[in-house]
Amino acid sequence: MALRQIRELGDPCLLKVCKPVKAVNERTKILIEDLLDTMYDAEGVGLAAPQVGVLRRIAVIDAGEEYQEEPLILINPEILETAGEQKDYEGCLSVPGKVGMVTRPNYAKVRAYDADMNEFIVEGEGLLARALLHEIDHLDGNMYVEKTEGALITNEELAEILKKQQEEEES
Ligand code: NI
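**Student:** An account of the overall build of the chain is needed here, citing residue identities and associated values.
**Tutor:** Across its full length, the chain holds three helices and eight strands. From first element to last, N terminus to C terminus, the chain shows the α and β order α-β-β-β-β-β-β-β-α-β-α. Its C-alpha atoms put the chain at 55 × 30 × 30 Å along the principal axes. Out of the 171 residues in the chain, the part that is buried amounts to 43%. When contacts within the chain are restricted to residue pairs at least 6 apart in sequence, those whose partners lie at least 24 apart make up 66%.

**Student:** Any details on a negative patch on the surface? Residues and values, ideally.
**Tutor:** Negative charge collects at one region of the surface, where Glu160, Glu167, Glu168, Glu169 and Glu170 lie side by side. Along the polypeptide, Glu167 turns up in helix H3 (residues 155–170). In this structure Glu167 comes out as partly exposed when scored by relative accessible area, which is 45%.

**Student:** Could you give me a rundown of the sheet that holds strand E8 (residues 149–154), with the residues and numbers involved?
**Tutor:** Spatially, E4-E5-E8 is the arrangement adopted by the three strands of the open sheet, whose pairing is antiparallel. Among the strands making up the open sheet, the edge pair consists of strand E4 (86–91) and E8. For this sheet, the mean angle separating the axes of adjacent strands, direction not counted, is 30 degrees. Where strand E5 (residues 98–104) and E8 come together, three bridges link them in antiparallel fashion. Note that in E8 the partner of Lys98 across the bridge is Thr154. The sheet contacts of helix H2 (residues 126–139) involve E4 and E5, and relative to E4 the element is tilted by about 55 degrees. Contacts between H3 and the sheet are confined to E4, E5 and E8, with E8 contributing the most and set at about 105 degrees to the helix.

**Student:** Tell me about a positive patch on the surface, residues and numbers included.
**Tutor:** On the surface, Lys19, Lys22, Arg27 and Arg56 cluster together to form a positively charged patch. Positionally, Lys22 belongs in the segment before helix H1 (26–41).

**Student:** Give a detailed account of the coordination of the nickel ion, specifying residues and quantitative values.
**Tutor:** Distances from the nickel ion to its protein donors, Cys92 (SG), His134 (NE2) and His138 (NE2), fall at 2.0 to 2.3 Å. Each donor residue of the nickel ion lies on the same chain, and together they follow the pattern C-x41-H-x3-H. Taken as a pair, Cys92 in the loop between E4 and E5 and His134 in helix H2 lie far apart in primary sequence, 42 residues in all. Just as Cys92 is buried, His134 falls in that class too.

**Student:** Tell me about the sheet that holds strand E2 (residues 58–61), and name the residues and values.
**Tutor:** Strand order in the open sheet formed by five strands is E1-E2-E3-E6-E7, and the pairing between neighbours is antiparallel. Where the open sheet ends on each side, the last strands, each with one partner, are strand E1 (46–48) and strand E7 (119–125). Sheet twist, expressed as the mean angle between neighbouring strand axes with direction ignored, is 35 degrees. Relative to E7, strand E6 (residues 107–113) is paired through seven bridges, and the arrangement is antiparallel. Residue Val110 lies in a different strand from E7, and its bridge partner there is Val122. Each of E1, E2 and strand E3 (72–83) touches H1; the most contacted strand, E2, lies at about 35 degrees to it. Lying on the sheet, H2 is in contact with E1, E2, E3, E6 and E7; it crosses E7 at an angle near 125 degrees.

**Student:** Go over the environment of Leu74 with me, naming the residues and quoting the values.
**Tutor:** For Leu74, the position within the fold is in strand E3. Spatially, the C-alpha atoms of Leu74 and Met117 are 9.6 Å apart, while their sequence positions differ by 43 residues. Filtering out sequence-adjacent residues up to four positions away, Leu74 remains in contact with Arg57, Ile58, Ala59, Ile61, Ala112, Tyr113, Phe120, Val122 and Leu132.

Criteria and thresholds
- Residues numbered from 1 in each chain as written.
- Predicted model: local features only at pLDDT ≥ 70, side-chain atom pairs only at ≥ 80, totals over all residues.
- Heavy atoms only, no water.
- Helix = DSSP H or I, 4+ residues; strand = E, 2+ residues; numbered from the N terminus.
- Buried < 20%, exposed > 50% of the residue type's maximum accessible area, 1.4 Å probe, protein only.
- Contact = heavy atoms within 4.5 Å.
- Patch = residues over 30% accessible without salt bridge, like charges linked within 9 Å, V, L, I, M, F, W, Y side chains within 5 Å.
- Areas by Shrake-Rupley, 256 points an atom, 1.4 Å probe, with all protein chains shown as cover.
- Salt bridge = Lys/Arg side-chain N within 4 Å of Asp/Glu carboxyl O.
- Lys, Arg positive; Asp, Glu negative; His and termini not counted.
- Charge placed at Lys NZ, Arg CZ, Asp CG, Glu CD.
- Pairing = 2+ DSSP bridges.
- Axes fitted to C-alpha atoms, helices over the stretch in contact; angles between N-to-C directions.
- Donors = N, O, S within 2.8 Å, 3.2 Å for Na, K, Ca; no water.

Written out as structure tokens, the structure reads:
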């Protein structure tokens, strides 16, 4: 297990357009393992290669059992289709401790290659669609903070909001 340092907002790597992967070699395989390890260690839902300073079109996602049986490894992902709309708080491991409200499509269909460079299609709704679109944004140098409505809030402030909402629902 190897953890890589996660680059934070302000790091130029996060604003670059990443290059496509032509072939998966030993270094690529180690990178994918490290992305997974680093994502799980930081308790994130997804992580893209530029977030660890590697400007290649690779990302990993684990949105949880409800959405996927196994973690998704996305090489050269491409959005084929989106539909609907969802509005929710979104966060990023490169913007630690904070979240912001982002409207995104509620459905996304993506074509990508796995770690053996086999092409596959993944479809997702809700959190999985959000994660797919968020990670593909990273590969084009786009950060979610450019899409937020209103100010970013802290995780503690979000917890307070969710607690109040729950209390209102229960009363
Ligand atoms: Ni992110």
